[in-house]
Amino acid sequence: MTQLDLVSPTLFGLEGVCAQELKRMDAKNVRAENGRVLWDYTPESLVRANLCLRTGERVLLRLGRFSAPDFDALYDGTHALSWEEFIPREGAFPIRCRSVDSKLTSQQRCTAVVKAAVGDRLGRAYGLEQLPETGAEYAIRLFIMNDVAELYLDATGPSLHKRGYRAMSVIAPLRETLAAGMVLLSRYHGKGPLRDPFCGSGTIPIEAAMIARNRAPGLDRSFSAQRWAWLPSRLWLEEADRAMDLEYDGDYDIEGSDVDPQAVELARANAVKAGVEELCRFRVADATRFAPPEPAGRVVTNPPYGERILEKREAEGLYAAFGRAWKAVPEGWGLSLLSSHTEFERTFGRKADKKRKLYNGPLKCDLFLYNI
Ligand SMILES: C[S@@+](CC[C@H](N)C(=O)[O-])C[C@H]1O[C@@H](n2cnc3c(N)ncnc32)[C@H](O)[C@@H]1O
């Protein structure tokens, strides 16, 4: 069998951190590209990445890559892949397509062509005119970029950012993968205090607690590939055991605060669901009076951006007030703050030592880094 690749799409800006995570998981031949990370497929690595990856959006098994300037080429390239090695007789194979900068733009037609090509190939292999599709799901994803098609099996199902601890949310919650990425980019691994003075539903402190404890974020959820017939089911247990063996025991000083008491309640409830309520605490507090007592630590935070014009001024006022509070913070403290506001540094009153471009969904943001 030729060497297949695993692929994890990431939010733009998190490719490097995701690649680091994979290397730490012993993934081989890790390659970061724009918006995704690739590495060599092994069954163990597919399972491990699903259970342990914090910043990747999903795990895809890439089955083929070929030029597809027209529908005939898309059909032929798809039909040439040995789908019967991966999708059993009863397997269901829903299809999702995305096309970027390519001649084939109709998602509907691309979906129909891939469905027909896979169906024809499997029908011939199993001697069936109609495939039942009554069994486990082997979801297929097609991605076409610059007329090159890539076909994947989706090993994850609901995206990896759906850890399962955030059933209810505030108005502008941060994606779990982005919160984890911010914590990792701030180089927090459990040492010293961590604060989020605009914590909302608590995503940053909760992800920080899981990072401090080295708890795999996927232990409490399920994945599509758990039902794949050809993937040894014992691997899920073995990899979960391995992940739990790697957890650290310790006391951590992680605190989230917010001016909104309801957000604080929600953050507490989410921490309980995530099983980290003993590792982080939450309280009602105004960030404009932020005053950490410790000599050194990290603030990782996501204040309101003021996306709507009426709120823009309010956000500027808040940044200015937080900036005044920051002047009194002991020198050893570092700050990683995410905002899409182009005037953040000016209103905060200090230029960042470093900036990282990150996308909060479609929103282009900067992670402003001070003393990290
Ligand atoms: C963008 S949200 C944070 C979302 C959070 N990262 C999450 O994942 O849910 C910004 C938060 O800042 C809070 N906030 C606004 N002004 C504040 C202030 N002066 N002090 C503390 N929190 C404030 C809001 O209540 C809101 O929950």
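Keep in mind it's a predicted model, so treat the numbers as computed, not measured.

Another aspect to go through is helix α7 (residues 234-245). Look at α7: 17 Å from first C-alpha to last across 12 residues, which is about the 16 Å you get at 1.5 Å a residue. Considered for burial, the residues of α7 that qualify are L235, W236, E239, A240 and A243. End-on, the buried residues of α7 take up no more than an arc of 130°, which puts them together on one face. The outward face of α7, more than 90 degrees from its buried face, is lined by the exposed residues L237 and D245. Where the residues of α7 are buried, they touch α2 (43-52).

The next thing to look at is the site of the ligand. Residues in close proximity to the ligand total 20 residues, the closest being L174, S201, T203, D258 and A287. A distance of 2.8 Å separates a nitrogen atom of the ligand from a polar backbone atom of A287. Interatomic distance of 3.0 Å between a side-chain N/O atom of N302 and a nitrogen atom of the ligand. A per-class count over the shell around the ligand returns 13 nonpolar, 4 polar and 3 charged.

Turning to the environment of S102, a few remarks are in order. Relative to the assigned elements, S102 resides in the loop between β5 (95-100) and α4 (107-126). Counting along the chain gives 260 residues from S102 to P362, while the straight-line C-alpha distance between them is 21 Å. Beyond its immediate stretch of four places on either side in the chain, S102 contacts I144, M145, N146 and D147. Separated by 2.9 Å, the side chain of S102 and the backbone oxygen of V100 make a polar contact. In this structure the side chain of S102 is engaged in a polar contact, spanning 3.1 Å, whose partner is the backbone nitrogen of N146.

As a further point, take the domain arrangement of the chain. Taken domain by domain, the chain comprises domain 1 (5-154) and domain 2 (176-215 + 227-370). Its C-alpha centre places domain 1 at a distance of 32 Å from the equivalent point of domain 2. Tallying the contact residues gives 29 residues for domain 1 and 26 residues for domain 2. Regarding the contact of domain 1 and domain 2, the summed buried area is about 2400 Å², with carbon and sulfur atoms giving 67% of it. Measuring nitrogen to oxygen at the nearest pair gives 2.7 Å for the salt bridge that ties R48 to E239. Here domain 1 and domain 2 share 7 residue pairs in polar contact (both at pLDDT 80 or more) between them. Mapped by element, the contributors of at least two residues to the side of domain 1 that touches domain 2 are α1 (15-24), α2 and β7 (148-154). In terms of residue count, α2 provides more of the side of domain 1 that touches domain 2 than any other element does, 8 residues in total. Of the residues belonging to the side of domain 1 that touches domain 2, the class tally is 15 nonpolar, 5 polar and 9 charged.

Analysis parameters
- Residues numbered from 1 in each chain as written.
- Predicted model: local features only at pLDDT ≥ 70, side-chain atom pairs only at ≥ 80, totals over all residues.
- Heavy atoms only, no water.
- Helix = DSSP H or I, 4+ residues; strand = E, 2+ residues; numbered from the N terminus.
- Expected span 1.5 Å × (residues − 1).
- Buried < 20%, exposed > 50% of the residue type's maximum accessible area, 1.4 Å probe, protein only.
- Arc of directions from axis to C-beta.
- Contact = heavy atoms within 4.5 Å.
- Near = heavy atom within 4 Å.
- Polar contact = N/O pair within 3.5 Å; in protein donor to acceptor, adjacent residues only side chain to side chain.
- Nonpolar A, V, L, I, M, F, W, Y, C, P; charged D, E, K, R; others polar.
- Domains from an automatic or database assignment.
- Buried area = accessible area lost by both parts, 1.4 Å probe.
- Salt bridge = Lys/Arg side-chain N within 4 Å of Asp/Glu carboxyl O.

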